[in-house]
Amino acid sequence: MPGIPLGFVSVVAGLSLAMMFIAVVSCLLIIARRVSLNRYLDQREQRMETFRTALGEHVSRAHSEETEEAATIAFPECHVSDMSEILLHYLRVLRGSQAEHLRQLVTDQGWEEAIARSTAHGTRGARMRALRVLSYLETSESLRIIHSHLGSDQPYVRLTAARALVRRDATLFLSSIVESFSEVFPEQVQGLAELLSGFGMQITDELEDMAARTDRPVVLAACLEALILSPPARTRLDLCALMEHPSEDVRAAACALSCISEHPGAGDPLRIALSDDAPKVRLRAAKAACENRESGVVGELYGLARDPIFWARYWGFRAIWATGAAGRQFVDSCAVREPMAADVSLEMRAGHV
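A brief look at the structure comes next. As a convention, each chain's residues are numbered from 1 in the sequence order in which they are written. At least 70 in pLDDT is required for a residue's local features to be given in this predicted model, at least 80 for side-chain atom pairs to be given and counted, and no such filter applies to totals for whole chains, interfaces and linings, which use all residues. Water and hydrogen atoms were dropped before computing side-chain values, which therefore reflect all heavy atoms in the structure.

### Brief notes about the overall build of the protein chain
Piece 1. When helices and strands are tallied, the protein chain shows 19 helices and zero strands.
Piece 2. Taking 20 Å as the expected radius of gyration for a compact globule of 353 residues, we find that the protein chain reaches 31 Å, considerably beyond that expectation.
Piece 3. Along the three orthogonal principal directions, the C-alpha set of the protein chain runs to about 95 × 90 × 45 Å.
Piece 4. In the protein chain, which comprises 353 residues, the proportion classed as buried is 44%.
Piece 5. For the protein chain, the proportion of contacts with a sequence separation of at least 24, taken over those separated by at least 6, is 65%.
Piece 6. Neither His nor the chain termini are counted; the positive set is Lys and Arg, and the negative set is Asp and Glu. Lys charges are placed at NZ, Arg charges at CZ, Asp charges at CG and Glu charges at CD. Taken together, the 37 basic and 45 acidic charged side chains of the protein chain have centroids lying 5 Å from each other. Working definition: helices are DSSP H or I runs of at least four residues, strands are E runs of at least two. Numbering for both runs from the N terminus. When we talk radius of gyration, it's over C-alpha atoms, and the globule rule is simply 2.2 Å times the number of residues to the 0.38. For the exposure calls, accessible area comes from a 1.4 Å probe over protein chains only, and a residue counts as buried if that area is under 20% of its type's maximum, exposed if over 50%, partly exposed in between. Here a residue-residue contact requires only that any non-hydrogen atoms of the pair lie within 4.5 Å.

Written as structure tokens, this is what we have:
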């Protein structure tokens, strides 16, 4: 057999040595990078603890008349993300003059500006944390920065900005909040409702106006659900007319709202909902009747005894039971021929609910 050419052996040996050299250098670089990163993280942790201690000591004596002017106090350096974490903790727990002093300190020390800049870069979590800090401040610039993030390409950054505006009671931006939320969470009726309910009853009129003019079922249903969470004594919305809306979410919410708020019109949305074609609406109506002990719809509730939906049958008998002694007697009388009535009677008497 002819021997292997010496030149080929040399090439293979050279490539092997080169690859070994590259592997060794790569390992050394990885180790050096890890050591450097660990050192940086240790130093950052130390600076964070030093800042936390200094801020805590300052806050604890903030009520003293001898407290220095906020702008003249020298605080240790701290990474802006770590600073946001520490400030967010104190802003959440402090009240009264201490909270006011801390907000003033954040502005006078220039931390607000640094935190505002950090909302535009870094990890998503760090950006959201910075927005939460700004939500506790009271400056117009922080409000402007928060509002600008309603157009973020990150859905949860948008959500954080929306919640921050609610915390700031920025009712001026109600429409912008709804638009921003709806773009990234187009089907989240309950999520939008819970967000809007954070404003409380001060936006009842605005919610009713929005519900009256919107052509989007999700927004309409969310407005109704928000009104349920902060119910007015009387609503201007025609809830009977809304029971003809094609969206079952809207019909279910209109029914639930009709049980806790007076409304114009002679019809009874609850009675209509108990015979609705959509299982979701019938179930919501039965639950609403149970919660509000509606004794005027016992006949319609008994009509759910043959409902194909298990939970509609269950809540129908639960709602009848909740009407009082007569309701309990009715359920007991039905227990002989209705297994669900027997189960509800047993459950309610056992006191597990």
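### Overview of the pattern of salt bridges
Piece 1. By salt bridge we mean one thing: a side-chain nitrogen of Lys or Arg within 4 Å of a carboxyl oxygen of Asp or Glu. For the structure on display, the rule yields 20 salt bridges.
Piece 2. We note a salt bridge from E100 to R103, for which the minimum N-O separation is 2.9 Å. Within this pair, E100 and its partner R103 are both found in helix α3 (residues 96–108), separated by three residues, close to a single helical turn.
Piece 3. Of the residues examined, E100 reaches a relative accessible area of 35% and is grouped as partly exposed.
Piece 4. For R103, a relative accessible area of 18% translates into the label buried.
Piece 5. Across the pair E300 and R271 runs a salt bridge, and its minimum N-O distance is 2.8 Å. Residue E300 is found in helix α16 (residues 298–302), and its partner R271 is found in helix α14 (residues 269–273); the two are separated by 29 residues along the sequence.
Piece 6. Since its relative accessible area comes to 26%, E300 is described here as partly exposed.
Piece 7. We classify R271 as partly exposed; its relative accessible area is 33%.

### Thoughts on a nonpolar patch on the surface
Piece 1. The residues that make up patches have over 30% relative accessible area and no salt bridge, and they are joined within 9 Å when like-charged or within 5 Å when they are Val, Leu, Ile, Met, Phe, Trp or Tyr. Here the open area of atoms and residues is found with the Shrake-Rupley method and a 1.4 Å probe, where only the protein chains shown may cover a residue. Residues M20, V24, L28, I31 and V35 make up a contiguous nonpolar surface patch of roughly 480 Å² in combined accessible area.
Piece 2. Mapped onto the elements, M20 comes out in helix α1 (residues 6–60).

### Regarding the environment of A120
Piece 1. Within the secondary structure, A120 is located in the loop between α4 (111–118) and α5 (124–135).
Piece 2. The exposure class assigned to A120 is exposed, which follows from its relative accessible area of 59%.
Piece 3. For the pair A120 and H149, spaced 29 residues apart in sequence, the C-alpha separation works out to 8.7 Å.
Piece 4. Setting aside chain neighbours within four positions, we find A120 in contact with R127 and H149.

### Here we look at helix α13 (residues 248–258)
Piece 1. The element α13 is extensively covered by neighbouring structure, given that nine of its eleven residues are classed as buried.
Piece 2. For α13, every residue scored as buried is listed here: V250, R251, A252, A253, A254, C255, A256, L257 and S258.
Piece 3. Looking at the buried positions of α13, the neighbouring elements they touch are α11 (217–229), α12 (239–242), α14 and α15 (279–291).
Piece 4. Regarding α13, its N-cap is S247, as a side-chain oxygen of that residue lies 3.3 Å from the backbone nitrogen of D249 further along. Identification of polar contacts relies on pairs of N or O atoms within 3.5 Å, with a donor-acceptor requirement for protein atoms, meaning one able to donate a hydrogen and the other able to accept it, and with residues adjacent in sequence counted only if both atoms are side-chain atoms.

### Some remarks on unusual backbone geometry
Piece 1. Even without being a glycine, D169 presents a positive backbone phi close to 55°.
Piece 2. Positionally, D169 belongs in the loop between α7 (155–167) and α8 (174–184).

### A look at the side chain of R168
Piece 1. Mapped onto the elements, R168 comes out in the loop between α7 and α8.
Piece 2. Buried and unpaired, R168 has E112 as its nearest opposite-charge partner, separated by 7.0 Å.
Piece 3. In terms of polar contacts, R168 uses its side chain to reach the side chain of S142, at 2.9 Å.
Piece 4. Each residue touching R168, except ones within four places of it in the same chain, is listed here: L134, S135, L137, E138, T139, S142, L143 and I146.

### Here we look at the packing of aromatic side chains
Piece 1. The rule is short: rings of Phe, Tyr and Trp, with Trp giving its six-membered ring, pair when the centres are within 6.5 Å, and they are stacked under 30 degrees, edge-to-face over 60, tilted in between. Applying the stated criterion across every chain yields a total of ten aromatic pairs.
Piece 2. Grouping aromatic residues by their ring pairs yields a cluster made of F310, W311, Y314 and W315.

### Some points on the packing of α11 against α13
Between two packed helices, what matters for the description is the angle formed by their axes and the separation of those axes.
Piece 1. Viewed as axis vectors pointing N to C, α11 and α13 meet at an angle of 20°, and their least axial separation amounts to 9 Å. Judged by the angle between their axes, α11 and α13 are roughly parallel. In this structure, α11 meets α13 at a crossing whose hand is left-handed. Residues P217, L220, A221, L224, E225, L227 and I228 of α11 pack against D249, V250, A253, A254, A256 and L257 of α13. Here the axes come from fitting lines to C-alpha atoms, over the contacting stretch only for helices, and the angles between their N-to-C directions go from 0 to 180 degrees. By the definition adopted for this analysis, an angle is roughly parallel if under 35 degrees, roughly antiparallel if over 145, roughly perpendicular if from 65 to 115, and oblique otherwise. The sense of a crossing depends on the near helix, which, turned anticlockwise from the far helix by less than a right angle, makes the crossing left-handed and, turned clockwise, makes it right-handed.

### Some words on the nonpolar core
Grouped burial of nonpolar side chains is what soluble globular proteins tend to show.
Piece 1. Among buried residues, those of type Ala, Val, Leu, Ile, Met, Phe, Trp, Tyr and Cys that are joined through side-chain atoms within 4.5 Å constitute a nonpolar core. In this structure, L55, L102, W111, L224 and F317 are the most contacted members of the largest nonpolar core, which totals 103 residues.
Piece 2. Sort the elements by how many residues they give to this core and α11 lands first, with ten residues.
Piece 3. What L224 contacts, discounting residues up to four positions off in sequence, is L237, L239, L242, V250, A253, A254 and L257.

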